[in-house]
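Coordinate analysis (summary)
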Amino acid sequence: MFRGALSTFHRAVTGRVPLLSPICKRNLHGKMRLVQFEEGGSVRVGVELSNGGDVVDISAADKSIPTDMRSFLEGGESALEAAKKVVSAGSHIVKKENLKLQAPITNPEKVLCVGMNYKDHCLEQNAPIPKEPVFFNKFASSIVGPTDDIVYPGELTSELDWEVELTIVIGKTGKNIKESEAMQHVFGYTVAHDVSARDWQMKKNLKQWMLGKCMDTFCPLGPAIVTTDELSDPHKLGIRCRVNGKTVQDSNTDQLVFRSEALIAFISRFVTLKPGDIILTGTPPGVGVFLKPEPVFLKRGDVVDVEVDEIGTCTNRVV
């Protein structure tokens, strides 16, 4: 199964210490962090040796390994085996100062999002806790990298808001997936910023959410995909957002109304999930629109950090 392949990948990487360079040894007790990065004018897939650290250029080392993350995920166990061999060899390391991280996946078939999925977020707006997941969507064109700018959409909105979200990355195709088998379809997790134009989400266009959520640059993503078996527990992770250094959201994924298994089982009744699809799992309380005594919205020049423990941080400036 896919999760088993990840475990095998990890054991193989961490079990061949004599073959590893000193730099690779530092990754043995860290997380398996898969990234897309730009270096020398091309974008490739790599393994980050630590959060914000150097990267093993697995695509350059083995030409059979795809240079984009979606193709890598579609490659399944064979792609993982090839990547394992490269990391174990301890070569093809790119220094962090010589690369730029991109969004870990830029071309998913589906960008699915969940609303009202934190108990404390429901409470802050005096809303009932949903009986079933509330899904909406963004587009791949909304995705930008973990340090790219968020482009303020001109005169379209005056209510630009922030939302930090734990994000599921699908690694195995499935339809009508049983909740008990759902985690077998999860490759790992990353962090997303669900940038939102609240006027378009809550007031205009018959209050349909999509236009307020899907504008260009409205989905900063990254910095890495951390494989599921390398997280202590994806449903017990600190999650927070800072605006200009001030913490505005600070919660834990144990507050999720519907966990990964329930979300995957529910949405796969309607659509086939495929490798590379991402699911933004919802945001905790502290968004600008519900702040008291009055709402606070983003403006040009603001810097937003969205962070999930054990995964990392996206830092994006509004321009």
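Residues numbered from 1 in each chain as written. Predicted model: local features only at pLDDT ≥ 70, side-chain atom pairs only at ≥ 80, totals over all residues. Heavy atoms only, no water.

Quick look at helix H9 (residues 260-267)
- Counting buried positions over the eight residues of H9 gives eight, a clear majority of the element.
- For H9, the full list of buried residues reads Ser 260, Glu 261, Ala 262, Leu 263, Ile 264, Ala 265, Phe 266 and Ile 267.
- Where H9 is buried, its residues meet strand S6 (111-115), strand S7 (134-138), strand S10 (164-170), strand S11 (186-193) and strand S16 (278-280). (Buried < 20%, exposed > 50% of the residue type's maximum accessible area, 1.4 Å probe, protein only. Helix = DSSP H or I, 4+ residues; strand = E, 2+ residues; numbered from the N terminus. Contact = heavy atoms within 4.5 Å.)

Section: the pairing of strand S15 (residues 246-252)
- Two elements, strand S14 (residues 238-243) and S15, share six bridges in a ladder whose sense is antiparallel. Along S15, the bridge assignment pairs Gly 238 with Asn 252.
- Hairpin connection between S14 and S15: a loop of two residues separates the two successive antiparallel strands, and Asn 244 in this loop has a positive phi of roughly 55°. (Pairing = 2+ DSSP bridges.)

Considering unusual backbone geometry
- Of note, the amide linkage connecting Gly 222 to Pro 223 takes the cis form, showing an omega dihedral of -5°.
- By the element assignment, Pro 223 lies in strand S13 (residues 219-227).
- Backbone geometry at His 92 places phi at a positive 55°, although glycine is not the residue there.
- Although it is not a glycine, Asn 244 adopts a positive phi angle of roughly 55°.
- Looking at the element boundaries, Asn 244 is found in the loop between S14 and S15.
- Overall, the relative accessible area of 47% leaves Asn 244 in the partly exposed class.

Some points on helix H5 (residues 76-89)
- With 14 residues, H5 ought to run about 20 Å at 1.5 Å a step, and its terminal C-alpha atoms sit 21 Å apart, in line with that.
- Within the sequence span of H5, burial applies to Gly 76, Ala 79, Leu 80, Ala 82, Ala 83, Lys 84, Val 86, Val 87 and Ser 88.
- Gly 90 sits one or two positions beyond H5 and adopts a positive phi of about 70°. (Expected span 1.5 Å × (residues − 1).)

Section: the nonpolar core
- Of all hydrophobic cores here, the largest spans 43 residues; its most connected members are Ile 168, Tyr 189, Ile 264, Ile 279 and Ile 311.
- If you list the elements that add at least two residues to this core, you get S6, S10, S11, S14, H9 and strand S17 (303-308).
- In this structure Ile 264 touches Ile 168, Ile 170, Ile 177, Ala 182, Val 186, Leu 273 and Ile 279, once residues within four positions along its chain are discounted.
- Among the nonpolar cores identified, the runner-up in size contains 31 residues, and Ile 58, Leu 73, Ile 105 and Ile 143 belong to it. (Core = buried A, V, L, I, M, F, W, Y, C linked by side-chain atoms within 4.5 Å.)

Description of the environment of Val 45
- By the element assignment, Val 45 lies in strand S2 (residues 42-48).
- Val 45 sits 15 residues away from Ala 60 along the chain, and the two C-alpha atoms are 8.6 Å apart.
- The contacts of Val 45, once residues within four sequence positions are left out, are Val 35, Gln 36, Phe 37, Val 56, Asp 57, Ile 58, Ser 59, Pro 66, Thr 67, Asp 68, Met 69 and Phe 72.

Considering the layout of surface pockets
- In this structure, the largest pocket encloses a volume near 210 Å³.
- If you trace the largest pocket, you find 16 residues lining it, with Met 116, Gln 125, Gln 201, Met 202 and Trp 209 closest to the centre.
- Mapped onto the lining of the largest pocket, the elements with two or more residues apiece are S6 and helix H7 (198-202).
- Per element, the largest residue contribution to the lining of the largest pocket is three residues, and it comes from H7. (1 Å grid on protein atoms, 1.4 Å probe; cavity = no way out; pocket = protein on both sides within 12 Å on 5 of 7 lines; lining within 4 Å. Points joined across faces, edges and corners; volume = space filled by probe spheres on them.)

Structural notes on the side chain of Ser 251
- Here Ser 251 lies in strand S15.
- By relative accessible area, which is 13% here, Ser 251 ends up buried.
- Within the local environment of Ser 251, its side chain forms a polar contact with the side chain of Asp 120, the two groups lying 2.9 Å apart.
- The contacts of Ser 251, once residues within four sequence positions are left out, are Tyr 118, Asp 120, Leu 237, Gly 238, Ile 239 and Pro 284. (Polar contact = N/O pair within 3.5 Å; in protein donor to acceptor, adjacent residues only side chain to side chain.)

Points about the sheet that holds S15
- Pairing is antiparallel in the open sheet, where four strands are placed in the order S15-S14-S17-S18. Here the strands that pair on one side only, and so sit at the sheet edges, are S15 and strand S18 (312-317). For this sheet, the mean inter-axis angle between neighbouring strands, taken without regard to orientation, is 10°. (Axes fitted to C-alpha atoms, helices over the stretch in contact; angles between N-to-C directions.)

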